[in-house]
Amino acid sequence: MTEAYIVDAVRTPIGKKNGGLSGVHPADLGAHVIKALVERTGIDPAGVDDVVFGCVDAIGGQAGNIARTAWLAAGYPEEVPGVTVDRQCGSSQQAVHFGAQAILSGTADLIVAGGVQNMSQIPIASAMVVGQQYGFDTPFGGSTGWTERYGDQEVSQFNGAELIADKWDISRDELERWALQSHERARTAIAEGRFDREIVPFGDVTTDEGPRETSLEKMAALKTLTDGGRLTAAVASQISDGASAVLLASPEAVERYGLTPRARIHHLSARGADPIFMLSAPIPATRYALEKTGLSIDDIDLVEINEAFAPVVLAWIKEIGADPAKVNVNGGAIALGHPLGATGTKLMATLLNELERTGGRYGLQTICEGGGTANATIIERLWGIV
């Protein structure tokens, strides 16, 4: 039976809105991490079978198949193809899944999987806004089938996060304590150099720009996003810019290029849930992954679950019974940012490095996604074992 190995994983620092990466063309952000992978691993770029990149709002500089554009902007062979994936916030995690599936099927040996997003240049939901000039107020309005099934309920991540907080009875205080912890963990991780191996500086931008010093008192003073709601900007992920990428290889490619695999893909899957709640699918996705592998949550050494909003993580912890001390140990998107299409492989880079730092074996990654879906990936650390 063949395997799909993770050879290396890199990312740019994550730039905050209008920060140090805001003026960089998305293709150049993507090219930056692609070049870093090639240079660090020493592979022949002509040997890459495909470049699979995640990206959301593929307009402007992100249009025209950004995976292909980024590869060519990196100066690599025209013979290597590229394809862009949109599974919303989990796009680059899905890129890993597609790449690993190609290797596991025997149809590919070497895949660059990653993602890129410049949210400063192209704001979230830009594709939906552009659609309004063609008569589409939302992607759903006007669909007979959708309306018959879901009516005119609000379809938004903000509404979904509020619904989750209400259903799982998560108080504003709990949300803000998790958000504060995210910043504290992220600042500690930066101070201790935990991200140094995965970050490829871009010019003068050498570290993540999002984490800040804050307090429960400052958070409590913020206005809620909706009247009577529990969410504020403090418990939501940050608007961010960045790129990330992973090199996936078959056993044959490992031997051919003299590579040292750092981890293997132990499991990959995706599940769906209520699209109005939108952000709750990591719960069934995790249950499915554990059931398929025969692992329990206690067998998982570290978890990276995207902090789109604090209630996503807290509801997941309640349902899955995970130890919070194993979850987002270096902070999450509330502190570090969420560059949409790049987040999946960004989290994978962090998960891989933290497993190595702590000596853990299994890492679980899951991301809530627009449309009410979620990817789940379990990786097994190999470095130091094989």
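Just so you know, these numbers come straight off a predicted model, no measurement behind them.

**Student:** Would you mind showing me how to read the nonpolar core here?
**Tutor:** Proteins that are soluble and globular tend to have nonpolar side chains buried together. Judged by nonpolar contacts, the single largest core of 46 residues is most densely connected at Trp178, Leu279, Ile297, Ile300, Phe309, Trp316 and Val327. For this core, the secondary-structure elements that each account for two or more residues are α6 (157-167), α7 (172-191), α8 (216-220), α10 (282-293), β8 (302-305), α11 (310-320), β9 (362-369) and β10 (373-381). Tallying contributions element by element places α11 first for this core, with 8 residues. With sequence-adjacent residues up to four places away left out, Trp316 is seen in contact with Pro282, Ile283, Thr286, Ile297, Val303, Ile305, Gly321, Ala322, Val327, Leu364 and Thr366. If you look at the next biggest cluster of nonpolar residues, it comprises 38 residues, including Ile66, Trp71, Ala245 and Ala253.

**Student:** What am I meant to see in α7 here?
**Tutor:** In this model α7 runs 29 Å from its N-terminal to its C-terminal C-alpha over 20 residues, within 8% of the 28 Å that 1.5 Å per residue would give. Within the span of α7, buried status applies to Leu175, Glu176, Trp178, Ala179, Leu180, Ser182, His183, Arg185, Ala186 and Ala189. Where α7 is buried, its residues meet α8, α11 and α12 (333-336).

**Student:** Can you walk me through helix α2 (residues 66-73) in this structure?
**Tutor:** Each turn of an α-helix holds 3.6 residues, which means side chains three or four residues apart point in the same direction. For α2, the set of buried residues is Ile66, Ala67, Ala70 and Trp71. Looking straight down α2, one finds its buried side chains confined to an arc of 135°; they lie on one side. One or two positions beyond α2, positive phi appears at Gly75, with a value near 90°.

**Student:** Is there a simple way to think about the packing of α10 against α11 in this case?
**Tutor:** When two helices pack together, their arrangement is given by the angle between their axes and by how far apart the axes lie. Closest axis-to-axis distance for the α10/α11 pair is 9 Å, and the angle between their directions is 40°. Of the possible angle classes, the one that applies to α10 and α11 is oblique. The two elements α10 and α11 meet at a crossing, and its hand is right-handed. Residue-level inspection shows Pro282, Ile283, Thr286 and Arg287 of α10 in contact with α11, the latter providing Ala315, Trp316, Glu319 and Ile320. Residue composition of the contact of α10 with α11, by class: 5 nonpolar, 1 polar and 2 charged.

**Student:** How do you make sense of the state of the cysteines when you look at a structure like this?
**Tutor:** By definition, a disulfide links two cysteine residues through a covalent bond between their sulfur atoms. One pass over the structure, following the stated rule, counts 0 disulfides. The structure places no disulfide on Cys55, whose sulfur is separated from the nearest cysteine sulfur, that of Cys89, by 12 Å. Free of any disulfide, Cys368 has its nearest neighbouring cysteine sulfur in Cys89, separated by 6.1 Å. Residue class for Cys368 comes out buried when judged on its relative accessible area of 1%.

**Student:** Teacher, can you tell me more about the pairing of strand β1 (residues 5-11) here?
**Tutor:** A regular strand carries its side chains on alternate faces of the sheet. Burial of β1 is extensive: 7 of the 7 residues sit out of reach of the surface. In this sheet, strand β6 (residues 240-249) lies alongside β1 in antiparallel orientation, the contact comprising 6 bridges. For Ile6, the partnering residue across the bridge sits in β6 and is Leu248. With 2 bridges connecting them, β1 and strand β7 (residues 263-272) associate as antiparallel partners. The partner of Tyr5 across the bridge, within β7, is Arg264.

**Student:** It is not clear to me how the packing of helix α3 (residues 91-104) against helix α13 (residues 343-358) should be interpreted in this structure. Could you clarify?
**Tutor:** Contact geometry for α3 and α13: axes closest at 4 Å, N-to-C directions at 75°. It follows from the interaxial angle that α3 and α13 lie roughly perpendicular. Contacts between α3 and α13 involve Ser92, Gln93 and Val96 from the first element and Thr343, Gly344, Thr345 and Met348 from the second. For the contact of α3 with α13, the residue count by class is 2 nonpolar, 5 polar and no charged.

**Student:** Quick question: what am I supposed to make of the packing of aromatic side chains here?
**Tutor:** Each aromatic ring pair is characterised by the separation of its centres together with the angle its planes make. Per the counting criterion, the structure on display carries 4 aromatic pairs. An angle of 45° between the planes, with centres 4.6 Å apart, marks the rings of Trp146 and Tyr150 as tilted. Here Trp146 and its partner Tyr150 are both found in helix α5 (residues 144-150), 4 residues apart, which amounts to about one turn of the helix. Residues Trp146 and Tyr150 agree in their burial class; the two are buried. An aromatic cluster is built from Phe140, Trp146 and Tyr150, whose rings are joined through pairwise contacts.

**Student:** Honestly, the side chain of Asp57 in this entry has me stumped. Any pointers?
**Tutor:** Inspection of the secondary structure assignment puts Asp57 in the loop between β3 (50-54) and α2. Within the buried set, Asp57 has no salt-bridge partner at all; the shortest N-O distance to an opposite charge, 13 Å, is to Lys17. At 3.3 Å, the side chain of Asp57 forms a polar contact with the backbone nitrogen of Ser126. In this structure the side chain of Asp57 is engaged in a polar contact, spanning 3.1 Å, whose partner is the backbone nitrogen of Ala127. When residues no more than four places from it in sequence are discounted, the contact partners of Asp57 are Gln62, Gln117, Ile122, Pro123, Ile124, Ala125, Ser126, Ala127 and Leu340.

**Student:** Got a minute to help me understand the side chain of Glu369 in this structure?
**Tutor:** Secondary-structure assignment places Glu369 in strand β9. It is Arg87 that comes nearest to the buried, bridge-free Glu369 among opposite-charge side chains, at 4.3 Å. Those residues within four positions of Glu369 in sequence are excluded, and the remaining contacts are Arg87, Gln88, Cys89, Gly90, Met278, Ala374 and Asn375.

**Student:** Sorry, what's going on with the pattern of salt bridges here?
**Tutor:** Between side chains of opposite charge, a pair can form when the charged atoms approach closely. According to the stated counting rule, one finds 18 salt bridges in the structure shown. Taking the shortest distance from any N to any O, the salt bridge between Glu3 and Arg264 comes out at 3.1 Å. Residue Glu3 is found in the segment before β1, and its partner Arg264 is found in strand β7; the two are separated by 261 residues along the sequence. Across the pair, Arg264 and Glu3 agree in class, each one buried. Close ionic contact of Arg230 with Asp166 constitutes a salt bridge, the shortest N to O distance being 3.4 Å. Pair noted here: Arg230 is in the loop between α8 and β6 and Asp166 is in helix α6, with a separation of 64 residues, a long-range link. Taken together, the shared-partner salt bridges in this structure form one network comprising Asp8, Arg40, Arg197, Arg262 and Glu356.

The rules behind these values
- Residues numbered from 1 in each chain as written.
- Predicted model: local features only at pLDDT ≥ 70, side-chain atom pairs only at ≥ 80, totals over all residues.
- Heavy atoms only, no water.
- Core = buried A, V, L, I, M, F, W, Y, C linked by side-chain atoms within 4.5 Å.
- Buried < 20%, exposed > 50% of the residue type's maximum accessible area, 1.4 Å probe, protein only.
- Helix = DSSP H or I, 4+ residues; strand = E, 2+ residues; numbered from the N terminus.
- Contact = heavy atoms within 4.5 Å.
- Expected span 1.5 Å × (residues − 1).
- Arc of directions from axis to C-beta.
- Axes fitted to C-alpha atoms, helices over the stretch in contact; angles between N-to-C directions.
- Parallel < 35°, antiparallel > 145°, perpendicular 65-115°, else oblique.
- Left-handed = near helix turned anticlockwise from the far one by under 90°.
- Nonpolar A, V, L, I, M, F, W, Y, C, P; charged D, E, K, R; others polar.
- Disulfide = S-S within 2.5 Å.
- Pairing = 2+ DSSP bridges.
- Phe/Tyr/Trp six-rings, centres within 6.5 Å; stacked < 30°, edge-to-face > 60°.
- Lys, Arg positive; Asp, Glu negative; His and termini not counted.
- Salt bridge = Lys/Arg side-chain N within 4 Å of Asp/Glu carboxyl O.
- Polar contact = N/O pair within 3.5 Å; in protein donor to acceptor, adjacent residues only side chain to side chain.

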